[in-house]
Amino acid sequence: MISPSVLDTYIDDRIESGHFSVRRSAMHDPALFNLEIERIFESHWVFVGLASQIPAPHDYLSVMVGSTPVLLSRGADGQIRGFIDSCRHRGARLTGQPQGNRRTHVCPYHGWVYDSQGRCLDIKDRQHGAYATAFDAEDHNLVEVARLGDYRGFLFVSLAADVPPLEEFLGDTRDFLDLAIDQSPDGLECVPGDVSYTYRGNWKLQVENALDLYHFTSTHPSYIQVLGQRKQRRQEAGGGEQRPSSIYENMAAQRAAQRGTFSFRYGHVAYWGDNPNAAERPLARDYDALVKRVGAEKAEWMLKVRNLVIFPNLQLVENASLQLRVLRPLRPDLTEVRAYCLAPVGEDAATRRARIRQYEDFYNPSGLATPDDVAVYERCQHGSAARQIEWFQGYARGITARREGGNDAASALGLHPVESVTGDYALADETCFHTIYREWQRLLGLQQNDEPAACGGLEPGPLGRTTQLAQSTGEPTP
Amino acid sequence: MTQAPSQRTLAARDLAEHLIHGELRDLDAQDWEVWLARFHAEVEYWVPAWRQGLAPTNDPGSEISLIYCDSRHGLEERVRRLISQRSPASTPPRRTAHLAGNVLAEWQDDGSVVATAVFQTFQYDWVERREHGFFGQSRYRFVPNGTGDGWLIRQKRQVLLNDALPGMLDFYLL
């Protein structure tokens, strides 16, 4: 077991003197990983799925929350409930498939039967079982998860009861979710097709990558090269070329565009960028109608590049098309990513087709960009295992550009971030990771302070981050 | 009862086996230009995803595929990326051994040949010293080339059965 004093040194948060860093062993330590599963994934809100995946009564989804199997079932009454997916008798997992429709769930081992609302309907041969009255007095129904929350069809579960209401947890990230959901008057749907992959690296590498603008030109030059060749081919062919275009085709314009990040309470971060190639977006095809429906301000924000990380396991990434990623840590050095292409309900066939091609091109682990991300995560995992170097130097960009609270961009959307940064493309802010690691540290129980990690550490909590660091390591300077 | 195959059917199978084995040999030899030349300019190259684990997606216009190219340009892009030295996932390329078996084929009314096969592809990352195998079912349509002295791949569809991807997937690993 890790002692709190050691845990407290995983981040070195002295932002007031321009310093923030994360200890490299945060990506490797098995004891720390177990604590992450227990105190983050199994004790707080995590994303589990979309209500639209289980639209009809008795539809179910079988998911993992940390290392706990969870059954999400829509009852005969239309209500979605979450249960620990484990028979009360010998513990067998009830669902044999990730998704389906079952009026009843029958345990394949001894035949106990539960309905889609979790009630135990039958204990096989109960009358012949010579059960004591003590058994009859027990509740045999499936055990419901402590909390299930639904924000406009985005379903979250917490296995612990002492969490804030989902609305408070999500806070202003709801506005960012709305920017995706409201792209059609009828909401979003999941385009059919399962895509999942694992990488041999820590889950936090993927959390960071979704907000990491700094890597794009150095990790993806082969993709940028392909885009250049496409553009040339299209010009030569006189515009008849059918290959998907990309918002990254015009890197010069991208570099001139404004970019920014908002950090929110509970470790969530939104990254945004003006999109000079917005006309390439499927959403831009009927822009006038969009403006009429949601207003000019919101329509403009819908066309921006937006990456949203809802800590710990949900990422909603939108550049040309819209991707939802769900992370699941498997080992300190192994992570599963499930990816979903989301699209506005009612989109016309040609637009949908173009959207899907763009999505596959950029986001698929079999596409032209994501494999390179995965390859660099694995390099990071490999290299950062070197015990001779204690601290990363990867959280320093943007420190002099960050400001407490909001800015003009935040005001335009009516947001109240705890920190915000705006700059050009090459700024590539890294301070947006600070909020994530502060919340990570708070959930791991490293501070007595129960306030969600928010403001930039200018006011040390009751334990005093800097004091604590000095006590446990002497001099924390990397 | 199974009917005895006609000489014509056996000839189609021989032709398909020859073409499939040749294509896979080019991949293993990493002879990319020769490999690309086997494809029709408007080839449909398709690796569908699975729909809730139960069936492969069957409409690339409304469902997700793992890879979908509707012309040889898409394959050329992948080849160029692979050899660009600028893709961390592709540098250096993995070593591969492609196997195809259970090849069956029939002539079609339009003069093309449609073949089905199972595939198994072993890959070895010699830097990390680790290996992986993909396997599945493939379906090809071959058409005579313009001059009538050879054959081109007009469609290639591969259903990947083990679709939990270890980090990444690319054309030469299938």
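Residues numbered from 1 in each chain as written. Chains lettered and ligands numbered in written order. Predicted model: local features only at pLDDT ≥ 70, side-chain atom pairs only at ≥ 80, totals over all residues. Heavy atoms only, no water.

(A) Structural view of the confidence of the model for chain B. Across chain B, the average pLDDT comes to 96, with 100% of residues at or above 70. Reported confidences for the modelled complex are a pTM of 0.91 and an ipTM of 0.96. (pLDDT = per-residue confidence, 0-100.)

(B) Structural detail: the packing of helix H10 (residues 287-294) of chain A against helix H11 (residues 296-303) of chain A. Residue and element names in this part refer to chain A. Interaxial distance between H10 and H11 falls to 7 Å at its minimum, and their mutual angle equals 125 degrees. In terms of orientation, H10 and H11 fall into the oblique class. Relative to H11, the crossing made by H10 is right-handed. Note on element contacts: H11 touches H10 through Ala296, Lys298, Ala299, Glu300, Met302 and Leu303, opposite Tyr287, Leu290, Val291 and Val294. Classifying every residue of the contact of H10 with H11 by side-chain character gives eight nonpolar, no polar and two charged. (Axes fitted to C-alpha atoms, helices over the stretch in contact; angles between N-to-C directions. Helix = DSSP H or I, 4+ residues; strand = E, 2+ residues; numbered from the N terminus. Parallel < 35°, antiparallel > 145°, perpendicular 65-115°, else oblique. Left-handed = near helix turned anticlockwise from the far one by under 90°. Contact = heavy atoms within 4.5 Å. Nonpolar A, V, L, I, M, F, W, Y, C, P; charged D, E, K, R; others polar.)

(C) Representation of the environment of Ala29 of chain B within the structure. Residues and elements named next belong to chain B. Within the secondary structure, Ala29 is located in helix H1 (residues 7-29). Its relative accessible area of 52% is what places Ala29 among the exposed residues. In this structure, the C-alpha to C-alpha distance between Ala29 and Glu42, residues 13 residues apart in sequence, is 24 Å. (Buried < 20%, exposed > 50% of the residue type's maximum accessible area, 1.4 Å probe, protein only.)

(D) Structural view of helix H8 (residues 221-236) of chain A. For H8 of chain A, with 16 residues, the first-to-last C-alpha span of 23 Å sits near the 22 Å given by 1.5 Å per residue. Within H8 of chain A the residues assigned to the buried category are Pro221, Ser222, Tyr223, Val226, Leu227, Arg230, Arg233 and Arg234 of chain A. The elements touched by buried residues of H8 of chain A are helix H7 (216-219), helix H12 (349-363) and helix H13 (370-383) of chain A together with helix H3 (72-83) of chain B. Residue Gly238 of chain A follows H8 of chain A closely and has a positive phi angle near 70 degrees. (Expected span 1.5 Å × (residues − 1).)

(E) Main features of the nonpolar core. Core analysis: the biggest nonpolar cluster contains 113 residues, and Tyr437 and Trp440 of chain A together with Phe142 and Phe171 of chain B have the highest contact counts within it. Element by element, the count of residues in this core is highest for H1 of chain B, at seven residues. By size, the runner-up hydrophobic cluster in this structure holds 42 residues, among which are Leu50, Phe154, Val163 and Ala180 of chain A. (Core = buried A, V, L, I, M, F, W, Y, C linked by side-chain atoms within 4.5 Å.)

(F) A look at the pairing of strand S7 (residues 130-144) of chain B. Residue and element names in this part refer to chain B. Here strand S6 (residues 113-125) pairs with S7 via 13 bridges, running antiparallel. Looking across to S7, one finds that Thr121 is bridged to Phe134. Here S6 folds back onto S7 in antiparallel fashion, the turn holding four residues, of which Arg129 has a positive phi close to 55 degrees. Here S7 runs beside strand S8 (residues 151-160); their pairing, made up of nine bridges, is antiparallel. Residue pairing across strands places Pro144 opposite Trp151, the latter belonging to S8. The turn linking S7 back onto S8 is made up of six residues, and Gly148 within it adopts a positive phi angle of 75 degrees. (Pairing = 2+ DSSP bridges.)

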